[in-house]
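Examination of the molecular architecture
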Amino acid sequence: MDIVLTGDRPTGKLHLGHYVGSLKRRVEMQNTGKYDMHIMIADAQALTDNADDINKVRNNISEVALDYLSCGLDFDKSTIFIQSQIPELCELSFYYMNLVTVSRLQRNPTVKNEIHLRGFKQSVPVGFFTYPISQAADITAFKANLVPVGEDQLPMIEQTREIVRSFNSIYKEVLVEPTAVLPENSRCSRLPGLDGAAKMSKSLGNCIYLSDSSNDIKKKVQSMFTDPTHLRIEDPGHTENNPVFIYLDAFCRDEHFKAFLPAYANLAEMKAHYERGGLGDGTVKKFLNEILQAELKPIREKREELAKDLPYIFEKLHQGSQKAREVAAQTLDEVKTAMGINYFNGNSLIK
Ligand code: ATP
Ligand code: MG
(Lines give C-alpha, C1' and ligand atoms only; values in the text may rest on other atoms or scores of the structure.)
(Ligands and ions follow the chains in the order given, each with its own letter.)
Protein backbone atom coordinates (compact mmCIF):
# COMPACT_ATOMS: atom_id res chain seq x y z
CA MET A 1 0.00 0.00 0.00
CA ASP A 2 1.28 3.49 -0.80
CA ILE A 3 2.13 5.53 2.27
CA VAL A 4 1.40 9.25 2.26
CA LEU A 5 2.86 11.92 4.54
CA THR A 6 2.14 15.59 4.26
CA GLY A 7 1.49 18.52 6.54
CA ASP A 8 1.16 22.21 7.21
CA ARG A 9 2.75 24.69 9.56
CA PRO A 10 0.35 26.07 12.18
CA THR A 11 1.39 29.65 11.46
CA GLY A 12 -2.12 30.73 10.47
CA LYS A 13 -5.38 29.44 9.12
CA LEU A 14 -5.22 27.57 5.84
CA HIS A 15 -5.84 29.42 2.60
CA LEU A 16 -6.82 28.78 -1.02
CA GLY A 17 -3.20 27.94 -1.91
CA HIS A 18 -3.23 25.06 0.56
CA TYR A 19 -6.62 23.98 -0.67
CA VAL A 20 -5.74 23.63 -4.36
CA GLY A 21 -2.03 22.91 -3.78
CA SER A 22 -2.40 19.95 -1.47
CA LEU A 23 -5.50 19.66 0.69
CA LYS A 24 -7.98 18.75 -2.04
CA ARG A 25 -5.68 16.02 -3.33
CA ARG A 26 -5.21 14.58 0.15
CA VAL A 27 -8.96 14.32 0.67
CA GLU A 28 -9.36 12.55 -2.68
CA MET A 29 -6.55 10.14 -1.84
CA GLN A 30 -7.97 9.51 1.63
CA ASN A 31 -11.41 8.75 0.26
CA THR A 32 -10.21 6.09 -2.17
CA GLY A 33 -9.22 4.02 0.86
CA LYS A 34 -6.13 2.92 -1.06
CA TYR A 35 -3.52 4.91 0.85
CA ASP A 36 -2.09 4.83 4.34
CA MET A 37 -2.50 8.54 5.12
CA HIS A 38 -0.44 10.57 7.63
CA ILE A 39 -1.20 14.26 8.03
CA MET A 40 1.05 16.31 10.27
CA ILE A 41 0.52 19.66 11.92
CA ALA A 42 4.13 20.85 11.76
CA ASP A 43 4.34 22.92 14.95
CA ALA A 44 8.04 22.22 15.55
CA GLN A 45 8.81 23.42 12.05
CA ALA A 46 6.65 26.51 12.61
CA LEU A 47 8.79 27.33 15.64
CA THR A 48 11.94 27.50 13.50
CA ASP A 49 10.92 31.01 12.44
CA ASN A 50 8.50 31.83 15.27
CA ALA A 51 10.48 30.93 18.39
CA ASP A 52 9.38 34.12 20.13
CA ASP A 53 5.73 33.73 19.19
CA ILE A 54 4.71 30.47 20.75
CA ASN A 55 1.09 31.53 21.12
CA LYS A 56 0.75 31.99 17.39
CA VAL A 57 1.84 28.40 16.85
CA ARG A 58 -0.19 27.00 19.79
CA ASN A 59 -3.38 28.78 18.82
CA ASN A 60 -3.18 27.76 15.20
CA ILE A 61 -3.06 24.04 15.94
CA SER A 62 -6.84 23.85 16.34
CA GLU A 63 -7.35 26.25 13.42
CA VAL A 64 -5.41 24.00 11.07
CA ALA A 65 -7.19 20.91 12.42
CA LEU A 66 -10.55 22.62 11.81
CA ASP A 67 -9.49 23.54 8.29
CA TYR A 68 -8.51 19.91 7.65
CA LEU A 69 -11.77 18.46 8.86
CA SER A 70 -13.94 21.06 7.16
CA CYS A 71 -12.32 20.15 3.82
CA GLY A 72 -13.05 16.47 4.37
CA LEU A 73 -10.01 14.99 6.09
CA ASP A 74 -11.27 12.46 8.58
CA PHE A 75 -9.72 11.23 11.83
CA ASP A 76 -11.05 7.74 11.13
CA LYS A 77 -9.46 7.50 7.70
CA SER A 78 -6.17 9.40 8.19
CA THR A 79 -3.67 9.55 11.03
CA ILE A 80 -3.67 13.25 11.90
CA PHE A 81 -1.01 14.22 14.43
CA ILE A 82 1.12 16.98 15.93
CA GLN A 83 4.82 16.96 15.02
CA SER A 84 6.27 17.98 18.42
CA GLN A 85 4.57 15.02 20.08
CA ILE A 86 6.83 12.61 18.17
CA PRO A 87 10.29 13.02 19.74
CA GLU A 88 11.63 10.25 17.48
CA LEU A 89 11.57 12.82 14.66
CA CYS A 90 14.24 14.89 16.45
CA GLU A 91 16.43 11.86 16.89
CA LEU A 92 16.18 10.95 13.23
CA SER A 93 17.00 14.55 12.24
CA PHE A 94 20.08 14.47 14.43
CA TYR A 95 21.52 11.48 12.58
CA TYR A 96 20.50 12.81 9.17
CA MET A 97 22.36 16.07 9.85
CA ASN A 98 25.60 14.18 9.40
CA LEU A 99 24.59 13.26 5.86
CA VAL A 100 24.08 16.83 4.59
CA THR A 101 26.62 19.59 4.00
CA VAL A 102 26.16 23.24 4.92
CA SER A 103 26.72 24.25 1.30
CA ARG A 104 24.01 21.84 0.13
CA LEU A 105 21.50 23.54 2.47
CA GLN A 106 22.68 26.97 1.36
CA ARG A 107 21.89 26.04 -2.24
CA ASN A 108 18.28 25.01 -1.46
CA PRO A 109 16.24 27.55 -3.46
CA THR A 110 13.18 27.45 -1.17
CA VAL A 111 15.27 28.02 1.95
CA LYS A 112 17.10 30.86 0.17
CA ASN A 113 13.85 32.47 -0.87
CA GLU A 114 12.22 32.07 2.55
CA ILE A 115 15.29 33.54 4.30
CA HIS A 116 14.94 36.54 2.02
CA LEU A 117 11.15 36.83 2.51
CA ARG A 118 11.44 36.64 6.29
CA GLY A 119 14.15 39.31 6.30
CA PHE A 120 16.58 37.16 8.31
CA LYS A 121 19.65 38.52 6.47
CA GLN A 122 22.66 37.21 8.45
CA SER A 123 20.67 36.06 11.50
CA VAL A 124 19.10 32.87 10.24
CA PRO A 125 18.10 30.56 13.12
CA VAL A 126 19.99 27.26 12.83
CA GLY A 127 16.69 25.40 13.21
CA PHE A 128 15.25 27.25 10.25
CA PHE A 129 18.32 26.66 8.14
CA THR A 130 18.15 22.94 8.80
CA TYR A 131 14.39 22.47 8.42
CA PRO A 132 14.79 20.53 5.15
CA ILE A 133 16.58 17.88 7.23
CA SER A 134 13.81 17.76 9.79
CA GLN A 135 11.35 17.44 6.93
CA ALA A 136 13.31 14.42 5.71
CA ALA A 137 12.86 12.92 9.17
CA ASP A 138 9.10 13.54 9.02
CA ILE A 139 8.76 11.85 5.66
CA THR A 140 11.06 8.90 6.26
CA ALA A 141 9.78 8.15 9.78
CA PHE A 142 6.58 6.92 8.17
CA LYS A 143 8.36 5.39 5.16
CA ALA A 144 6.14 7.59 3.02
CA ASN A 145 6.60 7.11 -0.71
CA LEU A 146 4.13 9.84 -1.73
CA VAL A 147 4.10 13.44 -0.53
CA PRO A 148 1.29 15.69 -1.87
CA VAL A 149 2.68 19.23 -1.85
CA GLY A 150 2.82 22.53 -3.69
CA GLU A 151 5.72 23.36 -5.98
CA ASP A 152 7.66 25.28 -3.32
CA GLN A 153 8.29 21.97 -1.57
CA LEU A 154 10.05 20.22 -4.47
CA PRO A 155 13.56 21.12 -3.25
CA MET A 156 12.64 19.64 0.16
CA ILE A 157 11.58 16.35 -1.37
CA GLU A 158 14.78 16.29 -3.41
CA GLN A 159 16.78 16.87 -0.23
CA THR A 160 14.95 13.98 1.43
CA ARG A 161 15.69 11.70 -1.50
CA GLU A 162 19.39 12.51 -1.24
CA ILE A 163 19.41 11.78 2.49
CA VAL A 164 17.64 8.46 1.90
CA ARG A 165 20.12 7.43 -0.80
CA SER A 166 23.03 8.43 1.35
CA PHE A 167 21.72 6.62 4.46
CA ASN A 168 20.83 3.47 2.56
CA SER A 169 24.21 3.28 0.88
CA ILE A 170 26.31 4.01 3.99
CA TYR A 171 24.32 1.83 6.41
CA LYS A 172 21.55 -0.44 5.12
CA GLU A 173 18.44 -0.24 2.91
CA VAL A 174 16.01 0.94 5.55
CA LEU A 175 14.60 4.22 4.26
CA VAL A 176 12.18 4.81 1.39
CA GLU A 177 12.73 7.46 -1.31
CA PRO A 178 9.62 9.64 -1.56
CA THR A 179 8.03 11.20 -4.63
CA ALA A 180 6.26 14.57 -4.60
CA VAL A 181 2.65 14.51 -5.80
CA LEU A 182 1.89 17.87 -7.41
CA PRO A 183 -1.62 19.02 -8.34
CA GLU A 184 -2.72 17.83 -11.80
CA ASN A 185 -3.63 21.40 -12.73
CA SER A 186 -0.25 23.17 -12.88
CA ARG A 187 -1.92 26.49 -11.99
CA CYS A 188 -2.56 25.05 -8.54
CA SER A 189 1.06 24.15 -7.72
CA ARG A 190 1.85 27.70 -6.71
CA LEU A 191 -1.24 29.86 -6.38
CA PRO A 192 -0.19 33.53 -6.37
CA GLY A 193 -1.22 35.93 -3.62
CA LEU A 194 -4.02 38.50 -3.93
CA ASP A 195 -1.27 41.09 -4.45
CA GLY A 196 0.09 39.13 -7.41
CA ALA A 197 3.14 38.02 -5.34
CA ALA A 198 4.63 34.72 -6.42
CA LYS A 199 2.87 32.70 -3.72
CA MET A 200 -0.15 33.02 -1.52
CA SER A 201 1.43 32.53 1.88
CA LYS A 202 0.34 32.88 5.48
CA SER A 203 3.54 34.77 6.24
CA LEU A 204 2.89 37.32 3.49
CA GLY A 205 -0.71 38.09 4.48
CA ASN A 206 -1.94 37.96 0.87
CA CYS A 207 -4.49 35.21 1.35
CA ILE A 208 -8.11 34.24 1.09
CA TYR A 209 -8.59 31.90 4.03
CA LEU A 210 -10.90 28.89 3.92
CA SER A 211 -12.67 30.35 6.96
CA ASP A 212 -13.12 33.88 5.57
CA SER A 213 -16.63 35.30 5.77
CA SER A 214 -18.63 35.80 2.60
CA ASN A 215 -18.09 39.53 2.90
CA ASP A 216 -14.30 39.17 3.35
CA ILE A 217 -14.07 37.00 0.25
CA LYS A 218 -15.98 39.58 -1.77
CA LYS A 219 -13.80 42.46 -0.55
CA LYS A 220 -10.58 40.53 -1.14
CA VAL A 221 -11.57 39.56 -4.68
CA GLN A 222 -12.46 43.18 -5.43
CA SER A 223 -9.02 44.30 -4.19
CA MET A 224 -7.11 41.78 -6.35
CA PHE A 225 -4.39 42.79 -8.77
CA THR A 226 -5.25 42.36 -12.44
CA ASP A 227 -3.58 43.45 -15.67
CA PRO A 228 -2.05 46.93 -15.09
CA THR A 229 -2.16 47.69 -18.83
CA HIS A 230 -5.93 47.05 -19.01
CA LEU A 231 -7.02 50.57 -18.07
CA ARG A 232 -10.31 50.95 -19.94
CA ILE A 233 -12.82 48.19 -20.61
CA GLU A 234 -12.24 48.39 -24.35
CA ASP A 235 -8.44 48.02 -24.02
CA PRO A 236 -7.02 44.60 -24.95
CA GLY A 237 -6.04 42.74 -21.78
CA HIS A 238 -3.56 40.06 -20.69
CA THR A 239 -4.73 36.89 -19.01
CA GLU A 240 -1.37 35.14 -18.71
CA ASN A 241 0.15 36.67 -15.54
CA ASN A 242 -3.10 38.08 -14.31
CA PRO A 243 -3.92 36.71 -10.82
CA VAL A 244 -7.69 36.85 -11.38
CA PHE A 245 -7.37 34.59 -14.42
CA ILE A 246 -4.89 32.32 -12.64
CA TYR A 247 -7.51 31.83 -9.92
CA LEU A 248 -10.11 31.13 -12.60
CA ASP A 249 -7.76 28.54 -14.12
CA ALA A 250 -7.52 26.95 -10.69
CA PHE A 251 -11.19 27.04 -9.67
CA CYS A 252 -13.48 27.55 -12.64
CA ARG A 253 -15.41 24.71 -14.29
CA ASP A 254 -17.73 24.95 -17.32
CA GLU A 255 -20.81 24.54 -15.11
CA HIS A 256 -19.89 27.78 -13.33
CA PHE A 257 -20.61 29.64 -16.58
CA LYS A 258 -24.07 28.09 -16.81
CA ALA A 259 -24.76 29.07 -13.21
CA PHE A 260 -23.21 32.53 -12.99
CA LEU A 261 -22.18 33.89 -16.41
CA PRO A 262 -24.10 32.28 -19.30
CA ALA A 263 -22.72 34.80 -21.81
CA TYR A 264 -19.72 32.45 -22.20
CA ALA A 265 -19.59 28.67 -22.57
CA ASN A 266 -16.19 28.26 -21.02
CA LEU A 267 -13.06 29.99 -19.76
CA ALA A 268 -11.35 29.98 -23.15
CA GLU A 269 -14.18 32.13 -24.60
CA MET A 270 -14.05 34.51 -21.69
CA LYS A 271 -10.26 34.86 -21.93
CA ALA A 272 -10.48 35.55 -25.67
CA HIS A 273 -12.94 38.39 -25.01
CA TYR A 274 -10.69 39.90 -22.31
CA GLU A 275 -7.67 39.68 -24.59
CA ARG A 276 -9.32 41.42 -27.53
CA GLY A 277 -10.87 44.10 -25.27
CA GLY A 278 -14.39 44.89 -24.16
CA LEU A 279 -14.54 42.83 -20.98
CA GLY A 280 -14.08 44.73 -17.73
CA ASP A 281 -12.23 43.57 -14.62
CA GLY A 282 -15.39 44.15 -12.56
CA THR A 283 -17.28 41.44 -14.46
CA VAL A 284 -14.38 38.99 -14.20
CA LYS A 285 -14.00 39.59 -10.48
CA LYS A 286 -17.73 39.27 -9.89
CA PHE A 287 -17.63 35.87 -11.60
CA LEU A 288 -14.59 34.74 -9.59
CA ASN A 289 -16.33 35.87 -6.41
CA GLU A 290 -19.41 33.75 -7.22
CA ILE A 291 -17.23 30.68 -7.78
CA LEU A 292 -15.25 31.12 -4.58
CA GLN A 293 -18.40 31.79 -2.57
CA ALA A 294 -19.94 28.55 -3.85
CA GLU A 295 -16.76 26.55 -3.16
CA LEU A 296 -16.09 27.94 0.32
CA LYS A 297 -19.60 28.16 1.79
CA PRO A 298 -19.95 24.45 2.68
CA ILE A 299 -16.40 24.42 4.09
CA ARG A 300 -17.09 27.47 6.27
CA GLU A 301 -20.39 26.07 7.53
CA LYS A 302 -18.88 22.71 8.41
CA ARG A 303 -16.03 24.49 10.17
CA GLU A 304 -18.43 26.53 12.32
CA GLU A 305 -20.13 23.30 13.43
CA LEU A 306 -16.85 21.53 14.22
CA ALA A 307 -15.49 24.50 16.16
CA LYS A 308 -18.19 23.91 18.80
CA ASP A 309 -16.40 20.79 20.05
CA LEU A 310 -12.67 21.49 20.43
CA PRO A 311 -12.20 18.87 23.21
CA TYR A 312 -13.18 16.17 20.69
CA ILE A 313 -10.64 17.51 18.20
CA PHE A 314 -7.82 17.54 20.74
CA GLU A 315 -8.72 14.04 21.93
CA LYS A 316 -8.48 12.79 18.33
CA LEU A 317 -5.20 14.67 17.74
CA HIS A 318 -3.83 13.06 20.88
CA GLN A 319 -4.82 9.60 19.67
CA GLY A 320 -3.41 10.31 16.21
CA SER A 321 -0.13 11.47 17.75
CA GLN A 322 0.16 8.29 19.81
CA LYS A 323 -0.45 6.16 16.74
CA ALA A 324 2.07 8.13 14.67
CA ARG A 325 4.62 7.83 17.45
CA GLU A 326 4.49 4.04 17.34
CA VAL A 327 5.27 4.04 13.63
CA ALA A 328 8.12 6.55 14.00
CA ALA A 329 9.59 4.59 16.92
CA GLN A 330 9.68 1.45 14.81
CA THR A 331 11.55 3.26 12.01
CA LEU A 332 13.97 4.85 14.48
CA ASP A 333 14.72 1.42 15.88
CA GLU A 334 15.49 0.11 12.38
CA VAL A 335 17.65 3.18 11.69
CA LYS A 336 19.68 2.72 14.87
CA THR A 337 20.11 -0.97 14.22
CA ALA A 338 21.26 -0.24 10.66
CA MET A 339 23.76 2.29 12.02
CA GLY A 340 24.97 -0.19 14.64
CA ILE A 341 24.12 2.04 17.59
CA ASN A 342 21.35 -0.06 19.16
CA TYR A 343 23.99 -1.23 21.66
CA PHE A 344 21.71 -3.02 24.07
CA ASN A 345 19.80 -5.02 21.45
CA GLY A 346 21.88 -8.18 21.29
CA ASN A 347 25.51 -8.28 22.38
CA SER A 348 27.48 -7.65 19.20
CA LEU A 349 29.87 -5.29 21.02
CA ILE A 350 30.69 -7.85 23.71
CA LYS A 351 31.44 -10.84 21.53
P1 ATP B 1 4.22 29.85 5.80
O2 ATP B 1 4.13 31.19 5.18
O3 ATP B 1 4.11 29.83 7.30
O4 ATP B 1 5.37 29.01 5.28
P5 ATP B 1 2.52 28.64 3.85
O6 ATP B 1 1.33 29.46 3.45
O7 ATP B 1 3.71 28.58 2.95
O8 ATP B 1 2.89 29.11 5.32
P9 ATP B 1 2.88 25.89 4.59
O10 ATP B 1 2.28 25.37 5.84
O11 ATP B 1 4.34 26.22 4.57
O12 ATP B 1 2.02 27.17 4.14
O13 ATP B 1 2.60 24.89 3.37
C14 ATP B 1 1.77 23.73 3.51
C15 ATP B 1 1.53 23.07 2.16
O16 ATP B 1 0.73 23.91 1.33
C17 ATP B 1 2.80 22.77 1.36
O18 ATP B 1 2.61 21.55 0.70
C19 ATP B 1 2.86 23.88 0.35
O20 ATP B 1 3.52 23.50 -0.82
C21 ATP B 1 1.37 24.11 0.07
N22 ATP B 1 1.16 25.52 -0.31
C23 ATP B 1 1.34 26.60 0.47
N24 ATP B 1 1.08 27.73 -0.22
C25 ATP B 1 0.71 27.35 -1.47
C26 ATP B 1 0.30 28.05 -2.65
N27 ATP B 1 0.22 29.38 -2.67
N28 ATP B 1 -0.01 27.34 -3.77
C29 ATP B 1 0.06 25.98 -3.76
N30 ATP B 1 0.44 25.26 -2.66
C31 ATP B 1 0.75 25.92 -1.55
MG1 MG C 1 5.57 27.61 3.67
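Residues numbered from 1 in each chain as written. Chains lettered and ligands numbered in written order. Predicted model: local features only at pLDDT ≥ 70, side-chain atom pairs only at ≥ 80, totals over all residues. Heavy atoms only, no water.

Focus on the packing of helix 3 (residues 54-71) against helix 14 (residues 281-306)
The interhelical angle for the contact between helix 3 and helix 14, taken along N-to-C directions, is 125 degrees, at an axis separation of 8 Å. Here helix 3 lies oblique to helix 14, going by the angle between them. The chirality of how helix 3 crosses helix 14 is right-handed. For the pair formed by helix 3 and helix 14, the contact residues are Glu63, Leu66, Asp67, Leu69, Ser70 and Cys71 on the first element and Ile299, Lys302, Arg303 and Leu306 on the second. Split by residue class, the contact of helix 3 with helix 14 holds five nonpolar, one polar and four charged. (Axes fitted to C-alpha atoms, helices over the stretch in contact; angles between N-to-C directions. Helix = DSSP H or I, 4+ residues; strand = E, 2+ residues; numbered from the N terminus. Parallel < 35°, antiparallel > 145°, perpendicular 65-115°, else oblique. Left-handed = near helix turned anticlockwise from the far one by under 90°. Contact = heavy atoms within 4.5 Å. Nonpolar A, V, L, I, M, F, W, Y, C, P; charged D, E, K, R; others polar.)

Here we look at the pairing of strand 1 (residues 2-8)
Along strand 1, five of the seven residues are buried, which leaves the element largely enclosed by surrounding structure. Across seven bridges, the pairing between strand 1 and strand 2 (residues 35-41) is parallel. Residue Val4 lies in a different strand from strand 2, and its bridge partner there is Met37. Each parallel crossover has a hand, and the one from strand 1 via helix 1 (residues 16-32) to strand 2 is right-handed. (Buried < 20%, exposed > 50% of the residue type's maximum accessible area, 1.4 Å probe, protein only. Pairing = 2+ DSSP bridges. Right-handed = clockwise from strand over helix to strand, strands pointing away.)

Regarding the site of ligand 1
Close contacts around ligand 1 come from 22 residues, with Thr11, Asp152, Lys199, Ser201 and Ser203 the closest. In this structure, Thr11 approaches ligand 1 through a side-chain N or O atom, which is 2.7 Å from an oxygen atom. Between ligand 1 and Ser201 there is a distance of 2.7 Å, counted from an oxygen atom to a side-chain nitrogen or oxygen. For ligand 1, the protein covers 97% of the area, taking 600 Å² as the surface of the free molecule. Taken together, the elements giving at least two residues each to the shell around ligand 1 come down to strand 1 and helix 1. At three residues, helix 1 tops the list of elements feeding residues into the shell around ligand 1. Here the residues of the shell around ligand 1 are counted per class, giving four nonpolar, 11 polar and seven charged. (Near = heavy atom within 4 Å. Polar contact = N/O pair within 3.5 Å; in protein donor to acceptor, adjacent residues only side chain to side chain. Areas by Shrake-Rupley, 256 points an atom, 1.4 Å probe, with all protein chains shown as cover.)

Observations concerning the domain arrangement of the protein
For an interface, size is often stated in terms of accessible area lost upon the parts coming together. Here the domain parsing of the protein yields domain 1 (2-190 + 310-350) and domain 2 (214-304). Listed as interface residues are 15 residues of domain 1 and, on the opposing side, 12 residues of domain 2. A buried area of about 1200 Å², summed over both sides, lies between domain 1 and domain 2, and 55% of it is on carbon and sulfur atoms. If you sort the residues of domain 1 by the area they bury against domain 2, Leu16, Ser70 and Arg187 come out on top, with a joint share of 53%. With a shortest N-O distance of 2.7 Å, Asp67 and Arg303 are connected by a salt bridge. Counting across the interface, domain 1 meets domain 2 through seven residue pairs in polar contact (both at pLDDT 80 or more). Contributions of two or more residues to the side of domain 1 that touches domain 2 are made by helix 1 and helix 3. Considering each element in turn, the side of domain 1 that touches domain 2 owes the most residues, six residues, to helix 3. Of the residues assigned to the side of domain 1 that touches domain 2, the class counts are seven nonpolar, three polar and five charged. (Domains from an automatic or database assignment. Buried area = accessible area lost by both parts, 1.4 Å probe. Salt bridge = Lys/Arg side-chain N within 4 Å of Asp/Glu carboxyl O.)

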